[in-house]
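# Examination of the molecular architecture
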Amino acid sequence: MKLRRMSAIVIAVCSCCMLFAASAVAAVQSVPQTVLNVCQSVVRIQTETAEYISTGSGFVIANGKSGTYIATNCHVIEDAPENVSVWLGKDDLRRADVVTASAQYDLAILKLQFAAPGLRPLKLNLRAKQGMAVYALGYPANADYMSGARAVSSSDITITDGLVSAMREMQLAEYGPDVSMLQINAAINPGNSGGPLINCYGQVIGINTMKMSNFYSSSTTVEGIGFAIPIDTAKPIIDELIEKGYVSGRPAIGIDGETLPATYRIYYRLPQGIYVTRVYRNSDAAAKGISEGDIITAINGVSVTTMEQLNRVKNQFTAGQTVTLTIYRSGSSYDVEIILMDRANA
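Here is a short report on the structure shown in this document. Owing to the predicted nature of the structure, the values given are computational and were not obtained by experimental measurement.

### Side note on the overall build of the chain
- Helix and strand content of the chain: eight helices and 20 strands.
- Intrachain contacts of the chain at a sequence separation of at least 6 include 64% that bridge at least 24 residues.
- Summed over its atoms, the accessible surface of the chain is roughly 17,900 Å², and 52% of this surface lies on carbon and sulfur atoms.

### Description of the pattern of salt bridges
- As enumerated under the stated definition, the model contains five salt bridges in all.
- Between K235 and D239 there is a salt bridge whose closest N-O contact spans 2.9 Å. Highlighted residues: K235 and D239, both in helix α5 (residues 231-244), separated by four residues, approximately one helical turn.
- Under the relative-accessibility criterion, K235 is labelled partly exposed at 31%.
- One salt bridge in this structure joins R329 and D294, with 2.7 Å as the shortest N-O distance. Of this pair, R329 sits in strand β18 (residues 322-329) while D294 is found in the loop between α7 (284-287) and β16 (295-299), placing the two residues 35 residues apart along the sequence.

### Comments concerning the environment of K129
- One can find K129 in the loop between β6 (107-112) and β7 (133-138).
- The sequence separation of K129 and A166 amounts to 37 residues, and the corresponding C-alpha distance is 8.1 Å.

### Let's talk about the pairing of strand β5 (residues 92-102)
- Pairing of strand β4 (residues 84-89) with β5 involves five bridges; the strand directions are antiparallel. Bridge pairing links W87 to L93 in β5.
- Turn length for the β4-β5 hairpin, with the two strands adjacent in sequence and antiparallel, is two residues, and the turn residue D91 shows positive phi of about 60°.
- Looking at chain direction, β5 and β6 are connected through five bridges and run antiparallel.

### Digging into a nonpolar patch on the surface
- Together, Y264, Y267 and Y268 make up a nonpolar patch on the protein surface, roughly 390 Å² of accessible area in all.
- Along the chain, Y267 falls in helix α6 (residues 262-267).
- Exposure remark for Y267: the relative accessible area of 66% places this residue in the exposed category.

### Topic: the sheet that holds β5
- On the basis of which strands lie adjacent, the closed barrel formed by six strands has the order β1-β2-β3-β6-β5-β4 and antiparallel pairing. Along the sheet, successive strands turn relative to each other by an average axial angle of 40°, direction set aside.
- The strands touched by α5 within the sheet are β2 (53-64), β3 (67-72), β5 and β6, with β6 carrying the most contacts at an inclination of about 50°.

### Observations concerning the packing of aromatic side chains
- Inspection of every chain in the model, using the stated rule, returns two aromatic pairs.
- Between the aromatic rings of Y264 and Y268, the centroid separation amounts to 4.8 Å while the plane-to-plane angle is 45°, which identifies the pairing as tilted.
- Looking at Y264, the relative accessible area reads 36%, which means it is partly exposed.
- Exposure remark for Y268: the relative accessible area of 48% places this residue in the partly exposed category.
- Relative to Y268, the ring of Y267 has its centre 4.9 Å away and its plane inclined at 80°; by these criteria the two rings are edge-to-face.
- The rings of Y264, Y267 and Y268 are connected pair by pair, giving a single aromatic cluster.

### Quick notes on unusual backbone geometry
- In this structure, D106 takes a positive phi of about 55° despite not being glycine.
- Inspection of the secondary structure puts D106 in the loop between β5 and β6.
- With relative accessibility at 8%, the residue D106 sits in the buried group.
- Here N300, not a glycine, exhibits a phi torsion of approximately 55°, which is positive.
- Tracing the backbone through its elements, the reader meets N300 in the loop between β16 and β17 (302-303).

### Digging into helix α8 (residues 307-314)
- If you check which residues of α8 are buried, you get M307, L310, N311, V313 and K314. Down the axis, α8 shows its buried residues gathered within 160° of arc, on one side only.
- If you follow the buried residues of α8, they end up packed against β13 (251-252), β14 (255-259), β15 (274-279), β16, β17 and β18.
- The backbone nitrogen of Q309 lies 3.1 Å from a side-chain oxygen of the residue at the head of α8, namely T306.

### Focus on the pairing of β16
- Of all five residues making up β16, five are buried, and the element is well covered by its neighbours.
- Both β16 and β18 contribute to a ladder of four bridges, which runs antiparallel. Residue pairing in the sheet places I299 in a bridge with L325 of β18.
- Examined bridge by bridge, β16 and β17 share two bridges and lie antiparallel to one another. The partner of I299 across the bridge, within β17, is V302.

Basis of the calculations
The residue numbering used here restarts from 1 in each chain and proceeds along that chain's sequence as written. Predicted model: local features are reported for residues with pLDDT of at least 70 only, side-chain atom pairs are reported and counted for 80 or more only, and whole-chain, interface and lining totals are derived from all residues. Side-chain measures here rest on the full set of heavy atoms in the structure, leaving out hydrogens and waters. Only DSSP runs of H or I covering at least 4 residues are called helices, and only runs of E covering at least 2 are called strands; the numbering of each starts at the N terminus. By definition in these notes, contact holds between two residues if any of their heavy atoms fall within 4.5 Å. Areas reported as accessible are Shrake-Rupley estimates using a 1.4 Å probe. Residue values count occlusion only from the protein chains shown. Salt bridge, as applied in this entry: a Lys or Arg side-chain nitrogen positioned within 4 Å of an Asp or Glu carboxyl oxygen. With a 1.4 Å probe rolled over the protein chains alone, any residue whose accessible area is under 20% of its type maximum counts as buried; one over 50% counts as exposed, and the rest are partly exposed. Think of it this way: DSSP has to see at least two bridges between two strands before they count as a pair. Here a patch means residues that are over 30% exposed by relative accessible area and free of salt bridges, tied together within 9 Å if like-charged and within 5 Å if nonpolar (Val, Leu, Ile, Met, Phe, Trp, Tyr). To obtain each axis, a line is fitted to C-alpha atoms, and for helices this fit is confined to the stretch in contact; angles are then taken between N-to-C directions over 0 to 180 degrees. Between 30 and 60 degrees the pair is tilted, below 30 it is stacked and above 60 it is edge-to-face, where a pair is any two Phe, Tyr or Trp rings, Trp via its six-membered ring, whose centres lie within 6.5 Å. Working definition: the arc comes from the directions between the helix axis and the C-beta atoms, pointing outward to the latter. In protein, a polar contact requires one atom able to donate a hydrogen and another able to accept it; more generally it is a pair of N or O atoms within 3.5 Å, and residues adjacent in sequence count only if both atoms are side-chain atoms.

Rendered as structure tokens:
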């Protein structure tokens, strides 16, 4: 009797465990219907050059009589901005115009010159936080690797899930400012760029941008570290790009320059620094007397020898703020305060 009773208990416990495990697996594998509902508004973007075709993802931010606007990453379209198309469904490839793009913020806005049926603008949520459950939507690996077909439909979209692992500050362009980023562990791969990062309510909280391995090194294998631009960072930039065609407030000194070659510098006994090759006439740098042939050796007391170093310090400020440049000219150095200009006016 005890053996039978013990067997019955074991069977009951095992059955409960199996049911619990099955429920847990179902819970993990289940994607909220709110997320599935937005898939139709996520599109595949194709850029074609003479040598190759590259693809990425994007999502609808506005759709009406004036046309359909799509947000994506700048790097998705930068190779051939004059030859960009959008897949609206199987065998339905439409030409898109690049309204504007910002490499510094890795954002671009595309426009279809008609109201695309069925593509509803996605709702935005500006309150992303660490630990939030997220879903990355897009078309990785060219989206047609399963069938080998050139045309795709909305059913080809992929959904991966994960969490917001951390909030980071990163530089997206060589001379760009530091930008807030969401670090995520949802799988993203080439082709996912520009697609939306969605919360469980079907709202966009970010724009999938890159994974660590293809950002830092093609030879490094890193798993579970991807990055998305937070939509609260992207929205004002997107709004300004649509309204003005550029992002205002980006700082510029008003000069062009290059690193002094070591042989040249040693021969003429010049200090390390940046040789000024051009001064913009409408800049405060010109008004303060900086001229071609001057050598910039420091900005705000920080020694600089390359334009990259100069821009890293400069980009911590905004247009209208003041910085101090250390200038070497004719055997002597002096400091000059200049007001940074808006790069849009440079």
